Amino acid sequence: MSGTLTLRAGSETLTLDTHQTALIPAATGPYRLDGPGRALVAQPGQGTAESGGNGSSRD
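Model, not experiment: these values are computed from the prediction.

Draft legend 1. Broad picture of the pattern of salt bridges. Per the counting criterion, the structure on display carries 2 salt bridges. A salt bridge links arginine 8 to aspartate 34; the shortest N-O distance between them is 3.0 Å. One end of the pair, arginine 8, is in strand β1 (residues 5-9); the other, aspartate 34, is in strand β3 (residues 31-34), with 26 residues separating them in the sequence. Looking at arginine 8, the relative accessible area reads 38%, which means it is partly exposed. One salt bridge in this structure joins aspartate 34 and arginine 32, with 2.9 Å as the shortest N-O distance. By relative accessible area, which is 53% here, arginine 32 ends up exposed. Connected through shared salt-bridge partners, Arg8, Arg32 and Asp34 make up one network.

Structural data, given as structure tokens:
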């Protein structure tokens, strides 16, 4: 996260500055990020991971 963003979820508002983190529970529902900053948004995936892709092998 860089810059400043405003996180809006339900009736809650939170201002986030550079290097701050927010965890949004799935039960919160829709959320919105506003402002000139940039953020990395990570969400859990569906299905299973078959390979870690780190180049190691187990023989």
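Draft legend 2. Geometry of the sheet that holds strand β2 (residues 12-16). Across the sheet, which stays open at both edges, the 3 strands sit in the order β2-β1-β3 with antiparallel pairing between neighbours. Taken across any chain shown, the strands that pair with only one partner, and hence form the sheet edges, are β2 and β3. Direction aside, the axes of adjacent strands within the sheet are offset by 20° on average. Pairing of β1 with β2, which is carried by 5 bridges, proceeds in the antiparallel orientation.

Each value, and the rule that gives it
- Residues numbered from 1 in each chain as written.
- Predicted model: local features only at pLDDT ≥ 70, side-chain atom pairs only at ≥ 80, totals over all residues.
- Heavy atoms only, no water.
- Salt bridge = Lys/Arg side-chain N within 4 Å of Asp/Glu carboxyl O.
- Helix = DSSP H or I, 4+ residues; strand = E, 2+ residues; numbered from the N terminus.
- Buried < 20%, exposed > 50% of the residue type's maximum accessible area, 1.4 Å probe, protein only.
- Pairing = 2+ DSSP bridges.
- Axes fitted to C-alpha atoms, helices over the stretch in contact; angles between N-to-C directions.

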